[in-house]
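Observations on the three-dimensional arrangement
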Amino acid sequence: MCGIIARIGHDDATETLLSGLENLEYRGYDSAGIAVQNGSGVKVRKCSGEVDDLKSSLEHQLHGNIGIGHTRWSTHGPPTDENAHPHTDTAGDVAVVHNGVIDNYDELRAELCERGHEFDSDTDTEVIPHLIDEYRATADDTEHAVRQAVETLEGSYAIAAIVDGEERVYAARNGSPLVLGLDDEEWFLASDVPAFLDYTDEVIYLEDGDLVVLEPDSYRITDADGTPVDRPVDTVDWDPEDAGKGEYDHYMLKEIHTQPTALSNTIEGRVEDGAVAFDALPSGTFTDVETVQFVACGTSYHAAMYGAQLLRSAGVRTEVVRASEYETMAGPVDDDTLVVAVTQSGETADTLQAVRTATERGARSLAVTNVVGSTAAREADDAIYIRAGPEVGVAATKTFSSQAVTLALLTQRIAADVPTATPLADSETMLESLADLPEHVETVIETTDAEALAREFHNSDSYFFIGNGLGHSVALEGALKFKEITYEHAEGFAAGELKHGPLALVTPETPVFAVATGDDGKTKTNAIEAQARGAPIVAVCPDDHPLADAADTHLSIPETHPVWAGLLANVQLQLVSYHAADLLDRPIDKPRNLAKSVTVE
Ligand code: F6R
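Residues numbered from 1 in each chain as written. Predicted model: local features only at pLDDT ≥ 70, side-chain atom pairs only at ≥ 80, totals over all residues. Heavy atoms only, no water.

**Regarding helix H16 (residues 470-486)**
With 17 residues, H16 should cover 24 Å at 1.5 Å per step; its first-to-last C-alpha distance of 25 Å lies within 8% of that length. For H16, the tally of buried residues reaches 14 of 17 residues, placing the bulk of the element in the interior. Two residues or fewer past H16, Tyr 487 is found with a positive phi of approximately 65°. (Helix = DSSP H or I, 4+ residues; strand = E, 2+ residues; numbered from the N terminus. Expected span 1.5 Å × (residues − 1). Buried < 20%, exposed > 50% of the residue type's maximum accessible area, 1.4 Å probe, protein only.)

If you want it as structure tokens, here you go:
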């Protein structure tokens, strides 16, 4: 939530900052702003709205070789011009951008006001430039003043600051992501790599407590004790093209269409001679595991449900817990418990907190994430990557598919180690048919009737999604996708639950999407019960499934192993949501009130 960027080099920074902010807008789009340092003071431009609005408001282009920028998802105060970042001290000499939440800002602000500081915004962030300004009066230099300021803060932050008259960017992180990008002629700092991927793929993932000073020709990192540290330089294997919209109208459509490639990358090298292999998880890694707890939020929770069901059917004691409810809902934990954090971004605060709680209770942890160097990957005992490539659309699509496949493979890996587990009877067939999944997804994309269907139904009152077994998680995911981008009411249910209440809502104006994957007994019966009450039924299943004939409309998926069928059904539902949202003229990639990386609890 919130994206920050900083850039220092020898030539003008403005365009780089603006394009970087565009690539960070998935983190929030309530307001945007930049500040540059150009030898004649710190200049700030900011406004409510999106980066495009900021660009239009830049009548007189700002110029400066050093700058910082921000795109906001509001936490403290509404999305107004005043609350947009960067924020400055009273004299306007120090400008700061911030991602995170400062817990003690109320008391800091009261103290600063008593000492004569004037505030312009409702934000927690604004205390930071005032603190830096105040400490500069007594500290040896600005670096020490920044250190003192961050030591005063409680909460989470990634910050970047520029100061009038100084050819430097100062930055610090604690609990919010911050990556340093190294190019020949310039340095970057950002919340995420896509902000500068057009310029460099050489990165340093900063650690909590790190303080960075960038100068045009050098950078310096010190840890929380002020000791200089060398952090490893990584090379990111994402192509800049992966982060752009390409020929597509929306990132979401592009990301749906690139699922075959993403899935091929997910699978590559992980199935050999009928067995699953993860480099990071050699044979024997899970021998001591007795219970597996999956923790996740939103779409990742639905992928976790998928994985949990497979692991349970291999005879391993398994729970899946919504990360935000972990504290009270998780079962007992001991050192035989493995907690698996499923998180695309690796930065979701609820998920990170659940893992920390589980760790305190004695569990070991494994992160399943898309982002190398993310907090989840660094904090967990082990990490595996879903290799889906950058996902920019706020609605998760390709990452769900890659998560579900990674988790299906992981469950095989765990079951192979756990002495009491019984690997699935047909696991060999399942693994063999996985090789065809990317091609089957391609077929769905090429032959889908989703657009026509969306046209037929996009003015309905409500939309229900049902499924059982693996189809249940797909039904929940279908409903989540539909509501978040169309703003229409949509709910997902276990098919058998319809008759226990939701059936009261069913009318001829409420289409029911029924997902059938081939291992489901009840879905057809439950769909027919809804049909008898007048609801149009859309079957999402293979052609020869009995539900296809019984339903009013059919979205076809290729024949495959039941474990993968749900993922093909999900692609059909992604396309229905996309086309319905498009017909309703919704801002598909940036749905209202949401952000992709939810770094607040
Ligand atoms: C919905 C969506 C969210 C995320 C959730 C968890 O389309 O994207 O529900 O799945 O916020 O995010 P991660 O996976 O980054 O932990």
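**Describing the site of the ligand**
Inspection of the region around the ligand gives 14 residues, with Ser 300, Thr 343, Ser 345, Thr 348 and Glu 484 positioned closest. Val 394 is positioned with one of its backbone polar atoms (N or O) 3.4 Å from an oxygen atom of the ligand. At a separation of 2.3 Å, an oxygen atom of the ligand approaches a polar side-chain atom of Glu 484. In the complex, the protein chains occlude 90% of the 410 Å² of accessible area that the ligand would expose alone. Within the residue set of the shell around the ligand, elements represented by two or more residues are helix H8 (298-313) and H16. Counting residues per element, the shell around the ligand draws most heavily on H8, which supplies 3 residues. The residue inventory of the shell around the ligand, partitioned by class, reads 5 nonpolar, 7 polar and 2 charged. (Near = heavy atom within 4 Å. Polar contact = N/O pair within 3.5 Å; in protein donor to acceptor, adjacent residues only side chain to side chain. Areas by Shrake-Rupley, 256 points an atom, 1.4 Å probe, with all protein chains shown as cover. Nonpolar A, V, L, I, M, F, W, Y, C, P; charged D, E, K, R; others polar.)

**Regarding the domain arrangement of the protein chain**
By the assigned domains, the protein chain splits into domain 1 (3-236), domain 2 (242-435) and domain 3 (440-601). For domain 2 versus domain 3, the separation of C-alpha centres amounts to 23 Å. In this assembly, 41 residues from domain 2 lie in contact with 38 residues from domain 3. Counting the surface lost from both domain 2 and domain 3, the interface buries some 3,500 Å², and carbon and sulfur atoms represent 65% of this. Linking domain 2 to domain 3 there are 19 residue pairs in polar contact (both at pLDDT 80 or more). Looking at the side of domain 2 that touches domain 3, the elements that each hand over two or more residues are helix H6 (251-257), helix H7 (259-267), H8, helix H10 (349-360), helix H12 (398-417) and helix H13 (427-434). The leading source of residues in the side of domain 2 that touches domain 3 is H8, at 7 residues. When grouped by side-chain class, the residues that make up the side of domain 2 that touches domain 3 number 20 nonpolar, 16 polar and 5 charged. (Domains from an automatic or database assignment. Contact = heavy atoms within 4.5 Å. Buried area = accessible area lost by both parts, 1.4 Å probe.)

**Focus on the environment of Thr 14**
Position of Thr 14 relative to the elements: it lies in helix H1 (residues 14-24). Ignoring any residue separated from it by four or fewer positions in sequence, one finds Thr 14 in contact with Ile 34, Val 36, Gln 61, Leu 62, His 63 and Gly 64. One polar contact links Thr 14 to Asp 12, side chain to side chain, over a distance of 3.1 Å.

**Some words on the pattern of salt bridges**
According to the stated counting rule, one finds 22 salt bridges in the structure shown. One salt bridge in this structure joins Glu 327 and Arg 361, with 3.8 Å as the shortest N-O distance. Of this pair, Glu 327 sits in helix H9 (residues 326-329) while Arg 361 sits in the loop between H10 and strand E20 (364-369); the two residues are 34 residues apart in sequence, bridging distant segments of the chain. Given a relative accessible area of 32%, Arg 361 falls into the partly exposed group. Where Lys 481 meets Glu 484, a salt bridge forms, and the shortest distance between an N and an O atom there is 3.4 Å. With Lys 481 and Glu 484 both in helix H16 and 3 residues apart, the pair spans about one turn of that helix. This pair shows no difference in class: Lys 481 is buried, exactly as Glu 484 is. Connected through shared salt-bridge partners, Arg 136, Glu 166, Arg 168 and Glu 215 make up one network. (Salt bridge = Lys/Arg side-chain N within 4 Å of Asp/Glu carboxyl O.)

**Examining the side chain of Arg 413**
Mapped onto the elements of the fold, Arg 413 is located in helix H12. Relative accessible area serves as the criterion here: at 5%, Arg 413 is assigned to the buried category. Here the side chain of Arg 413 touches Leu 281 through a polar contact of 2.9 Å, landing on its backbone oxygen. Here Pro 282 takes part through its backbone oxygen, which lies 3.2 Å from a polar atom of the side chain of Arg 413. What Arg 413 contacts, discounting residues up to four positions off in sequence, is Val 276, Phe 278, Leu 281, Pro 282, Ser 283, Gly 284, Thr 285 and Phe 286.

**A closer look at empty space enclosed by the protein**
Gaps left between atoms are located by rolling a probe of water-molecule size over the structure's atoms. By the definition in use, this model includes 3 cavities of 30 Å³ or more. The volume enclosed by the largest cavity comes to roughly 220 Å³. What lines the largest cavity is a set of 26 residues, among which Tyr 26, Arg 27, Asp 192, Ser 345 and Val 371 lie closest to the centre. Across the lining of the largest cavity, the residue classes tally to 12 nonpolar, 7 polar and 7 charged. The residues that make up the lining of the largest cavity include at least three from each of domain 1 (3-236) and domain 2 (242-435). (1 Å grid on protein atoms, 1.4 Å probe; cavity = no way out; pocket = protein on both sides within 12 Å on 5 of 7 lines; lining within 4 Å. Points joined across faces, edges and corners; volume = space filled by probe spheres on them.)

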